[in-house]
Amino acid sequence: TAEQWRKVMFSDESNFLQFRCYKTFVRRPIGSSSTDPRYCNPTVKHPPSVMVWASFSSRGRGGLYFLEKGASMNGPRYKKV
């Protein structure tokens, strides 16, 4: 019922990377050097990232919660937030 749905809260966490390269390949002319900077994609091996948790319910949006590096949302942390 609508009354039951008013008691539900939806939540999720997501990881956001500061840098991300979507190109998986590079086209270059035949005979060109594979190390020529004009035909290379810049990459970052371990880009900075942040884990964010958020929620919403029939009462509106919850706040954003930024998790510390290496942490994930677990039961005790969920109750604290």
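Throughout this document, residue positions are counted from 1 along each chain, in the order its sequence is written. Whole-chain, interface and lining totals are the exception, using all residues; otherwise, since this is a predicted model, local features are given only for residues with pLDDT of at least 70 and side-chain atom pairs are given and counted only at 80 or more. To get the side-chain values, take all heavy atoms of the structure and skip hydrogens and water.

Colleague: Can you help me understand the overall build of the protein in this one?
Modeller: Elements are defined by DSSP. Helices are runs of H or I of four residues or more, strands are runs of E of two residues or more, and each kind is numbered from the N terminus. Of the regular secondary structure elements, the protein holds 2 helices and 4 strands. Its helices and strands taken in sequence order, the protein reads α-β-β-β-β-α from the N to the C terminus. On the principal axes, the C-alpha backbone points of the protein span a range of 70 × 30 × 15 Å. Across the 81 residues that make up the protein, the buried fraction comes to 12%. Any two residues whose heavy atoms approach within 4.5 Å at even a single point are treated as in contact. Expressed as a percentage of contacts within the protein between residues at least 6 apart in sequence, the contacts between residues at least 24 apart total 50%. All accessibility values rest on the Shrake-Rupley procedure with a 1.4 Å probe; residue burial counts only the protein chains present in the view. Accessible area for the protein stands at about 7,400 Å²; split by element, carbon and sulfur atoms hold 55% of it. Once the 14 positive and 5 negative side-chain charges of the protein are each reduced to a mean point, those two points are 4 Å apart. Only protein chains enter the accessibility calculation, which uses a 1.4 Å probe; a residue is then buried when its area is under 20% of its type maximum, exposed when over 50%, and partly exposed in between. Counted as positive: Lys and Arg. Counted as negative: Asp and Glu, with His and the chain ends omitted from the count. The location of each charge is read from NZ of Lys, CZ of Arg, CG of Asp or CD of Glu.

Colleague: I would appreciate a short explanation of the packing of aromatic side chains in the present structure.
Modeller: A ring pair, where both rings are aromatic, is described by two values, the distance of the centres and the angle of the planes. Here a pair means two rings of Phe, Tyr or Trp (six-membered ring of Trp) with centres within 6.5 Å. Their orientation is stacked below 30 degrees between planes, edge-to-face above 60, and tilted elsewhere. Within the structure shown, the criterion is met by 3 aromatic pairs. Considering the side-chain rings of Trp-5 and Phe-10, the 6.3 Å spacing of their centres and the 15° angle between planes classify their relative orientation as stacked. Judged by relative accessible area, which is 56%, Trp-5 ranks as exposed. Consider the rings of Trp-53 and Tyr-78, whose centres lie 5.6 Å apart with planes at 85°: the pair is edge-to-face. On the criterion of sequence distance, the pair formed by Trp-53 in strand 2 (residues 49–57) and Tyr-78 in helix 2 (residues 75–80) is long-range, its members being 25 residues apart. An aromatic cluster of three or more residues is present, and its members are Trp-5, Phe-10 and Phe-56.

Colleague: Any chance you could explain the pattern of salt bridges here in plain terms?
Modeller: Side chains that carry opposite charge are capable of pairing whenever their charged atoms lie near each other. We count a salt bridge whenever a side-chain nitrogen from Lys or Arg sits within 4 Å of a carboxyl oxygen from Asp or Glu. As enumerated under the stated definition, the model contains 3 salt bridges in all. The salt bridge involving Arg-38 is made with Asp-36; its shortest N-O contact spans 2.9 Å. Classification of Arg-38 as exposed rests on a relative accessible area of 65%. Of the residues examined, Asp-36 reaches a relative accessible area of 18% and is grouped as buried.

Colleague: Which parts of the structure should I look at to understand the confidence of the model for the protein?
Modeller: When pLDDT drops low, the exact placement of atoms in the prediction is not to be read closely. When the pLDDT values of the protein are averaged, the result is 84; 94% of them are 70 or greater. Model confidence for the protein, summarised as mean pLDDT per element, is weakest for helix 2 at 84 and strongest for strand 3 (residues 60–61) at 94. pLDDT expresses how confident the predictor is about each individual residue, on a scale running from 0 to 100.

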